[in-house]
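# Breakdown of the fold
This is what each chain is made of:
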Amino acid sequence: MSIDGPRGAVVLAGGRSTRMGRDKATLPWGPAGGTLLGHVVRVLLDVVDDVVVVARSGQPLPELPADVRFAYDDVEDEGPLRGLLAGLRATRASSVYASGCDTPWLRRAFVEALFDAQPDDGIAIAASEGFAHPLAAVYPADAVDDVASLLAAGRRRPIDLLERRTTVRVDEAVLRTVDPELASLDNLNDATAFEAAHTRHVLPDVRIELFERARQLAGRPHGWVSGATARAALAAAVRRWPALAPSVIASDGTPARTYGVSLGGRTFVRDLDAPLADGDALVLVDALSGG
Amino acid sequence: MTTPGTTPRGGWHGRRRLVDLTTGATHDEPIALETLRAFVGGVGLGARLLLEHAPEGVDPLAPEAPVIVALSPLVGTPLTTSAKLAVVAKSPLTRGITDALASDRFAIELKHAGLDALVVQGAAPRWSVLVVDGPTTRLEDAQDLVGLSALDAEQRLRDRHGEGFRFFGIGVAGEHRVPYATISGDGRHAGRGGLGAVFGAKRLKGILARGDAATPLFDRERVVALAKDLSRRSLGEATAKYRTLGTVANVALLDRLGALPTRNFREGSFESASDVSGEAFHAEPAPKVRKHCAACTIGCEHLFADKQGRRVRLEYEGIFALGPLCGVSDRDVILAAAAACDDLGLDVISAGGTIAFAMECREQGLLPDAPTFGDGQGLLDLLPRIARRADPLGDLLAAGSREAARRIGPPAQRFACHVKGLELPGYEPRALQAMALGLAVGARGADHNRSGAYEVDLSAASDRLTADAGKAVAAVRTEDKAALLDSLIVCKFLRAAFDDLEQEAAAMLEAVTGEPFTPDELAEAAARIVTTKRMFNLREGLTAADDTLPDRFLEEPLEGGSVAGARLTREGLGAMVAAYYAARGWDEAGRVPPARARALGLSDLPQHPYPWASA
Ligand code: SF4
């Protein structure tokens, strides 16, 4: 069950980054001139309608996409719950994914899966090795009052919020169906981790676009999966939306008899085992789309 | 294994009825079993009979021009989707052959009148309805039906004659001989090529049929078993899209692929596609209704409520032609326009295509009175004016885009998007280049029901943005498949339910008719049918020069959408057409060499120097 209505994200960028020794928000990442914050925001913009970046007032921030909005901690250095409050106050969405700005491998499917798991009026939070991750969680926008009252009571631990709302803990096994390496939960805390991060390769995020009958079966027009090749991505799609098998995709990722797979709505994929790039779109096409 | 008979033992009656509307005379003639075997029924039989009955070079609207209603051996059997008929004539829009299918109980009644085909020639002295009542046929005055929609005329005739009769007739557009007028029964239209105008020129409001000669079945038990199995498969996943969404679901996909013709084929994607998508129509709160053609288990027809609460039948082609093609994004306008086309008896594709042409002419200063792109009210106002030829603009556009462009003058010709005079369906040729070939060579003009070459484009089998000669074989295959389905006749929406169409068709025909059929024979029959239509066109003066696309598609890059900039060159299309002729066994001018005619069993027809035959 998930809440209907616009999906948003709140990215907390106002931390002091003490262990990193420099501001995480402006760490260089990706293509020349890119930053870690910019990368996280772009990933989120692929899966939500509204992104709010929460910063300290006066904090230098990198250039970000024009549709990103900003909010500022009214009391600084009080931790993530205070940042979440600012973000929830600013959002135009009905529920938001909360993230730090130091998650270089945040997978789009991971974010979508948490939205999908969100109970009515409640929270969906990633859980691994016995820990819940408040900055890998989806909150209803109207939790703003709960956050405010917790802070007023001097309670600053985000985890306390979970007592106030119905909460679904999405465990590791489920998360690995959308993010096999659980890379979304890995963040960068210090300079050593940052240096090492450059040599890590994660599976590309692939957008699956569904039309006609496939859209109906999956109950959505598109969604993200992780997969190195079209076959792997399609197999991941079946794991996410089992109703696609077998009439659209076989469980091993082979398209059904009359289906083809178009890369980005242009050419059709001939070699299902050829490598894909991060952000590629696979459009599932029924060749009998006529009449 | 059955052995060949000498007269029909099932399926066919072996009889055609010839009607001369001028004199009112009718008589029945046999159709040789050999002919029925060779052409099966439907469009195949209709094409063969047209070749025989149409005087060479006849004006399609002259009394001598025949219009043929051809049935198939499966009509009246329990096989799902088989209650269909083909109407075949020389088209007033293309001046080549046109054949259109419709599904209706009318097909069963006509078949039960003991006929495989009705061949109507002449012109009635006054507006009439042809009444086929079993073995008897008569003309009835229909002056009181003039000006009515086919549906209203049908209702009035049912009130008069009782429920046993079924009607197939024309609306206002047919009465005014609009060369893209339809004929319909129970709201289902034989849509393309202006067959309604042929009826209109004969002052034939329609045909009323009733019969009680049940279709003879050679092996009833086997037919029932096959029918049960086919019905079961018709309810499976292969047809689920049609049952649950209908063809309206194509809008979003074709838009995503840059293949949704927009603003008179200038662009391949519509900025408001999501407003006019099938999903958007389905999401409307007003209740929707699903309908079935007679004898169909699938039921692909989705009726949507318009503002007046009327139920409107809507297909992809209606949305594309009356929406994006005209730049119209208002769902209510599209529904109202589709309802108006149905009511007036206008082919939605040609109506939308001709109005989109006029809109572009307006933009270019060539037609100041025409509406602009996006002017939904202007589009709605035009439809009845076209159908009634009510004023100079309505009369001009009633001629179809090719003829209207000719009358306006050369600058307008660039904007007339047709093949052989028939407006293009909703498949952008530059984005679907196997389909470009299918559209260019189609005997009845640009058409998506006689060529399914888009299936090749929508697969990894070939690159849809390249005009390579390798596409020809695939184009031939899909065209042959369509020819077989349209001659059997079973619905194309059933095609995915067949594992091996020829094999299963052979089994069905054998059980129904008692005649032995092999899959190879049926594959050959399909090729024979396509070649016969070709021969008719060549005889009527069409040439290889007609197997092309308008300059727009060969000179302008596609704008907008995922394949913006896609180009189709004249040379590329030419090479595909040449390869297509070769794959068909025709010569480089698209004529039929004697050896090919012989191989297809057509050597009884005139040979060289006849226009269709090469030396
Ligand atoms: S599938 Fe649709 S078009 Fe075909 S016979 Fe059935 S209702 Fe008619």
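Residues numbered from 1 in each chain as written. Chains lettered and ligands numbered in written order. Predicted model: local features only at pLDDT ≥ 70, side-chain atom pairs only at ≥ 80, totals over all residues. Heavy atoms only, no water.

## A closer look at the pairing of strand E8 (residues 136-141) of chain B
Residues and elements named next belong to chain B. Filter applied, for reference: For two strands to count as paired, DSSP must find a minimum of two bridges between them. Strands are runs of DSSP state E lasting at least 2 residues, helices are runs of H or I lasting at least 4, and numbering of each runs from the N terminus.
Across six bridges, the pairing between strand E7 (residues 128-133) and E8 is antiparallel. Among the inter-strand pairings, Leu130 is bridged to a residue of E8, identified as Leu139. Between E7 and E8, which pair antiparallel in sequence order, lie two residues; one of them, Gly134, sits at a positive phi of approximately 60 degrees.

## Structural notes on the confidence of the model for chain B
For clarity, the threshold we go by: A score from 0 to 100, pLDDT tells how confident the predictor is in each residue.
The predicted model of chain B has a mean per-residue pLDDT of 96, with 100% of residues at 70 or higher. Across the whole predicted complex the pTM is 0.94, and at the interface the ipTM reaches 0.91.

## A few points about the interface of chain B and chain A
This is how the line gets drawn: Contacts are assigned to residue pairs with any non-hydrogen atoms lying within 4.5 Å of each other. Here's the idea: put two parts together, see how much 1.4 Å probe accessible area each one loses, and the total over both is what we call buried area. Salt bridge, as used here: a side-chain nitrogen of Lys or Arg that lies within 4 Å of a carboxyl oxygen of Asp or Glu. Two N or O atoms form a polar contact when they lie within 3.5 Å of each other; inside protein one atom must be a possible hydrogen donor and the other a possible acceptor, and for residues adjacent in sequence the pair counts only when both atoms belong to side chains.
Taken together, the contact pairs 36 residues of chain B with 28 residues of chain A. Across the interface of chain B and chain A, roughly 2,600 Å² is buried in total on both sides, 54% from carbon and sulfur atoms. Linking chain B to chain A there are four salt bridges. For the salt bridge of Glu209 of chain A with Arg256 of chain B, the shortest nitrogen-to-oxygen distance reads 2.4 Å. Across the chain B-chain A interface, the total number found is 13 residue pairs in polar contact (both at pLDDT 80 or more). Going through the elements one at a time, helix H8 (240-244), helix H9 (250-256), helix H11 (316-322) and helix H19 (454-457) of chain B are the ones with two or more residues in the side of chain B that touches chain A.

## Considerations on the packing of aromatic side chains
All names here are of chain B. Test applied: Between 30 and 60 degrees the pair is tilted, below 30 it is stacked and above 60 it is edge-to-face, where a pair is any two Phe, Tyr or Trp rings, Trp via its six-membered ring, whose centres lie within 6.5 Å. Only protein chains enter the accessibility calculation, which uses a 1.4 Å probe; a residue whose area is less than 20% of its type maximum is buried, one above 50% is exposed, and one in between is partly exposed.
Within this structure, the stated rule accounts for 15 aromatic pairs over all chains. Ring geometry for Phe265 and Phe553: centres 5.3 Å apart, planes at 80 degrees, overall edge-to-face. One end of the pair, Phe265, is in the loop between H9 and helix H10 (278-283); the other, Phe553, is in helix H23 (residues 551-555), and 288 residues separate them in sequence. Here Phe265 matches Phe553 in class, with each residue buried.

## Let's talk about helix H21 (residues 501-513) of chain B
All names here are of chain B. Spelled out, the test is: By definition here, a helix of n residues has an expected span of 1.5 Å times n minus one.
With 13 residues, H21 should cover 18 Å at 1.5 Å per step; its first-to-last C-alpha distance of 18 Å lies within 8% of that length. Taken across its 13 residues, H21 has 10 buried, putting it largely inside the fold. Residues of H21 that are buried: Leu501, Glu504, Ala505, Ala506, Met508, Leu509, Glu510, Ala511, Val512 and Thr513. The distance from a side-chain oxygen at the start of H21 to the backbone nitrogen of Glu502 is 3.3 Å, and the residue carrying that oxygen is Asp500.

## With respect to the packing of helix H12 (residues 331-344) of chain B against helix H14 (residues 376-387) of chain B
Residues and elements named next belong to chain B. Quick note on the threshold: Axis definition: a line fitted to C-alpha atoms, over the contacting stretch in the case of helices. Angles run 0 to 180 degrees between N-to-C directions. Between 65 and 115 degrees an angle is taken as roughly perpendicular, under 35 as roughly parallel, over 145 as roughly antiparallel, and anywhere else as oblique. Gly counts as polar in this scheme, as do all residues outside two lists: the nonpolar Ala, Val, Leu, Ile, Met, Phe, Trp, Tyr, Cys and Pro, and the charged Asp, Glu, Lys and Arg.
Axis separation between H12 and H14 bottoms out at 10 Å; the angle between their running directions is 0 degrees. In terms of their interaxial angle, H12 and H14 are classed as roughly parallel. Two secondary-structure elements touch here, H12 through Val333, Ala336, Ala337, Ala340, Cys341 and Leu344 and H14 through Gly376, Leu379, Leu380, Leu383, Pro384 and Ala387. Of the residues contributing to the contact of H12 with H14, the split by class is 11 nonpolar, one polar and no charged.

## Details of the domain arrangement of chain A
A common way to state how big an interface is: give the accessible area lost once the parts meet. Residues and elements named next belong to chain A. Convention followed: Residue ranges assigned to each domain were obtained from an automatic or database domain assignment.
One can read the domain layout of chain A as domain 1 (7-197) and domain 2 (205-286). On a C-alpha basis, the centroid separation for the pair domain 1 and domain 2 is 28 Å. Across the contact, 12 residues belong to domain 1 and nine residues belong to domain 2. Between domain 1 and domain 2 lies a buried interface of about 930 Å² when both sides are counted; carbon and sulfur atoms form 38% of it.

## A word on the site of the ligand
As a reminder of what qualifies: Throughout, near means a residue has at least one heavy atom within 4 Å of the molecule or strand.
The local shell around the ligand consists of Thr81, Lys84, Cys293, Cys296, Ile298, Gly299, Cys300, Cys491 and Phe493 of chain B. A domain split of the shell around the ligand shows at least three residues from each of domain 1 (1-216 + 437-615) and domain 2 (235-423) of chain B.

## Here we look at unusual backbone geometry
Look at the link from Ala245 of chain A to Pro246 of chain A: it is a cis peptide, with omega at 0 degrees. With respect to the helices, strands and loops of the structure, Pro246 of chain A is situated in the loop between helix H9 (230-240) and strand E10 (259-263). In this model, Leu488 of chain B is joined to Ile489 of chain B through a cis peptide bond whose omega is -15 degrees. In this structure, Ile489 of chain B sits in the loop between helix H20 (471-488) and H21.

## Concerning the environment of Glu428 of chain B
All names here are of chain B. Tracing the sequence through the fold places Glu428 in the loop between strand E17 (422-423) and helix H18 (433-441). For the pair Glu428 and Arg290, spaced 138 residues apart in the sequence, the C-alpha separation amounts to 29 Å. Setting aside residues no more than four positions away along its own chain, Glu428 makes contact with Gly258, Ala259, Pro261, Phe265, Phe553 and Leu558. At a separation of 2.7 Å, a polar atom in the side chain of Glu428 contacts the side chain of Arg430.

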